[in-house]
Amino acid sequence: MADQQAVTQLLTEAGARAAHYLATLDDRPVQPTRAAIDRLTELGGDLPVATTDPFTVLRLLDEIGSPATVASAGRRFFGFVIGGSLPVTVAANWLTTAWDQNAGLFVASPTAARLEEYALRWLLDLLHLPAEAAGAFVTGTSMAHVTGLAAARHALLRRQGWDAENDGLFGAPPIKVVLSAEAHTTLIKALAIVGFGRNNLIRVPVDNQGRLRIQDLPPLDSSTLLCIQAGNVNSGAFDPVDELCDRARAAGAWAHVDGAFGLWAAVVPELAHLVKGAEKADSWSTDAHKWLNVPYDSGLLFCRDADALRAAMSAPAAYLPQQIAREPSHYTPELSRRARGVEVWAALRHLGRQGVTDLVERCCQYATVFADGLRAAGYEILNDVVLNQVLVSFGTPEVTHRVIKRIQEDGTAWCGGTVWQGRTAMRISVSSWATTGDDIERSLEAMLAAARQEIAGS
């Protein structure tokens, strides 16, 4: 399809279809219908022998694929701490895709490299992290953990005279890994990937909100990796960040903060106490596709010791150019990758400091509205609502499961289920820039109606 006019027509149609999809999100159920999901089989079958007209490919994607998507980009999706995408970041994503840049090398994309630098600088300022920290754009918090823990592994073993990158881990001095019993599964997975295993971890008990019990913390030393949770995925609770960071620094331990969404509490003055002291840690992981509301995927890793991060991540080769500026590939696992930093830059440039603060603060206020409304109706809120997470029980596990199913099938809103400290609950996460007060009221009414119907029939 070399004809430029045809290319322009195709991209124009793609833009029109995408704009129509976004414009009609709120007119369709949040959860796709079974019929729409079943139609996806039409996109499978044997690989065609002949070529297919690109306009036909686009039509198939939109007419069959779009109806089977979950409306997580809309205003009433409250599952999995998934934010929507700000329109400016969608537009930036489209333009960046047209650029088709490899963001791993400065020489391959000066624009992408510079925008990464600027965005990282703004983020460090916004999140109140050390200005000297290095940063990396990765796929999500999972890979941010892997990247940060690799830097921690390098630094902790280097202190003991061991070169992890060149000599591997066979025969390496031991590293003690300490974390909360409520640590997120992605952190456990990352620890396994970087060689610490799952069975050798010291898991510290938690309180009834999921916060690490500081009185049960084992002794720390200079060969300890301490993982701190800023925002429990169920309750939203924070480990005692300040005291944990102080103890880690006093012992010479490496402190890594899992702040997938909770780290953003730092941007709201009334919430900043939750992450007080986080700036004293050594590495921090978070997502931009959660509360900054940029398109998937967009994870962030910050590391105080830039040398440790570069040592763990860089892979020089003769064919690669010598460093003339900050080389993005020296800070991430990938050499070839998309220019994620452009969307983050666009979001920050668009929102500004006050806009980010307003977005996070608004979501937290809406979570409180959910909790108050459900509690007033007689349902049990299982957590202290300190951020954007709400856990509600509608009675027995069976009734709660049925209420969740009815809410999802109703299509007004979408919430998922969980088990919290032995209790079956519905989990509400408010994370989207697009959610309004009317959406909260409409969703709350749908939740209460579903609960009444299920309880009346039980």
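Let's talk about the overall build of the protein
Counting secondary structure elements, the protein contains 13 helices and 11 strands. In terms of overall dimensions, the protein has C-alpha extents of about 65 × 60 × 45 Å along its principal axes. For the protein, the proportion of its 458 residues judged to be buried stands at 53%. When the accessible surface of the protein is summed, it comes to about 19,900 Å², and 55% of that surface belongs to carbon and sulfur atoms.

Considerations on helix α12 (residues 397-410)
In this model α12 runs 20 Å from its N-terminal to its C-terminal C-alpha over 14 residues, within 8% of the 20 Å that 1.5 Å per residue would give. Those residues of α12 that fall on the buried side of the exposure criterion are Val 399, Thr 400, Val 403, Ile 404, Ile 407 and Gln 408. Of the residues trailing α12, Gly 411 is marked for its positive phi of about 90 degrees.

Here we look at the packing of aromatic side chains
For any pair of aromatic rings, the description rests on two quantities: the centre-to-centre distance and the angle between the ring planes. With the rule as written, the count across this model stands at 6 aromatic pairs. Ring geometry for Phe 78 against Phe 370: centres 5.1 Å apart, planes inclined by 80 degrees, an arrangement best described as edge-to-face. Residue Phe 78 is located in the loop between α3 (54-65) and α4 (87-99), and its partner Phe 370 is located in helix α11 (residues 340-376); the two are separated by 292 residues in the primary sequence. Looking at Phe 78, the relative accessible area reads 0%, which means it is buried. Owing to a relative accessible area of 0%, Phe 370 belongs among the buried residues under this scheme. The structure contains a cluster of three or more aromatic residues connected by ring pairs, namely Phe 77, Phe 80 and Trp 414. Over the ring of Tyr 331 we find Arg 326, and its NZ or CZ is 4.5 Å from the ring centre.

So, the sheet that holds strand β1 (residues 134-138)
Strand pairing in a sheet relies on backbone hydrogen bonds. The paired strands run either parallel or antiparallel. Strand order in the open sheet made by the 7 strands is β1-β7-β6-β5-β4-β2-β3, with mixed pairing throughout. Looking along the sheet, the strands with just one partner apiece sit at the ends: β1 and β3 (202-204). In this sheet, neighbouring strand axes are inclined to one another by 20 degrees on average, regardless of whether the strands run parallel or antiparallel. As paired strands, β1 and strand β7 (residues 299-303) are joined by 5 bridges and run antiparallel to one another. Of the residues in β7, the one forming a bridge with Gly 135 is Phe 302.

Observations concerning the nonpolar core
The biggest cluster of nonpolar side chains holds 84 residues, and the ones touching the most others in it are Trp 264, Leu 292, Leu 374 and Ile 428. Among the elements that make up this core, the one with the highest residue count is α11 (14 residues). Each residue touching Leu 292, except ones within four places of it in the same chain, is listed here: Leu 86, Trp 264, Val 344, Ala 347, Leu 348, Leu 351 and Val 356. Formed by 35 residues, the second largest nonpolar core is a distinct cluster that contains Val 138, Ala 190, Val 194 and Ala 312.

What about the packing of α12 against helix α13 (residues 437-457)?
For the pair α12 and α13, the least separation of the axes is 9 Å and the interaxial angle reads 130 degrees. Regarding the angle of α12 to α13, the classification is oblique. In this structure, α12 meets α13 at a crossing whose hand is right-handed. On α13, the residues touching Val 399, Arg 402, Val 403, Arg 406, Ile 407 and Asp 410 of α12 are Ala 446, Met 447, Ala 450, Ala 451, Gln 453, Glu 454 and Ile 455. Class assignment of the residues belonging to the contact of α12 with α13 gives a composition of 8 nonpolar, 1 polar and 4 charged.

Rules behind the numbers
Residues numbered from 1 in each chain as written. Predicted model: local features only at pLDDT ≥ 70, side-chain atom pairs only at ≥ 80, totals over all residues. Heavy atoms only, no water. Helix = DSSP H or I, 4+ residues; strand = E, 2+ residues; numbered from the N terminus. Buried < 20%, exposed > 50% of the residue type's maximum accessible area, 1.4 Å probe, protein only. Areas by Shrake-Rupley, 256 points an atom, 1.4 Å probe, with all protein chains shown as cover. Expected span 1.5 Å × (residues − 1). Phe/Tyr/Trp six-rings, centres within 6.5 Å; stacked < 30°, edge-to-face > 60°. Lys NZ or Arg CZ within 6 Å of the ring centre and 35° of its normal. Pairing = 2+ DSSP bridges. Axes fitted to C-alpha atoms, helices over the stretch in contact; angles between N-to-C directions. Core = buried A, V, L, I, M, F, W, Y, C linked by side-chain atoms within 4.5 Å. Contact = heavy atoms within 4.5 Å. Parallel < 35°, antiparallel > 145°, perpendicular 65-115°, else oblique. Left-handed = near helix turned anticlockwise from the far one by under 90°. Nonpolar A, V, L, I, M, F, W, Y, C, P; charged D, E, K, R; others polar.

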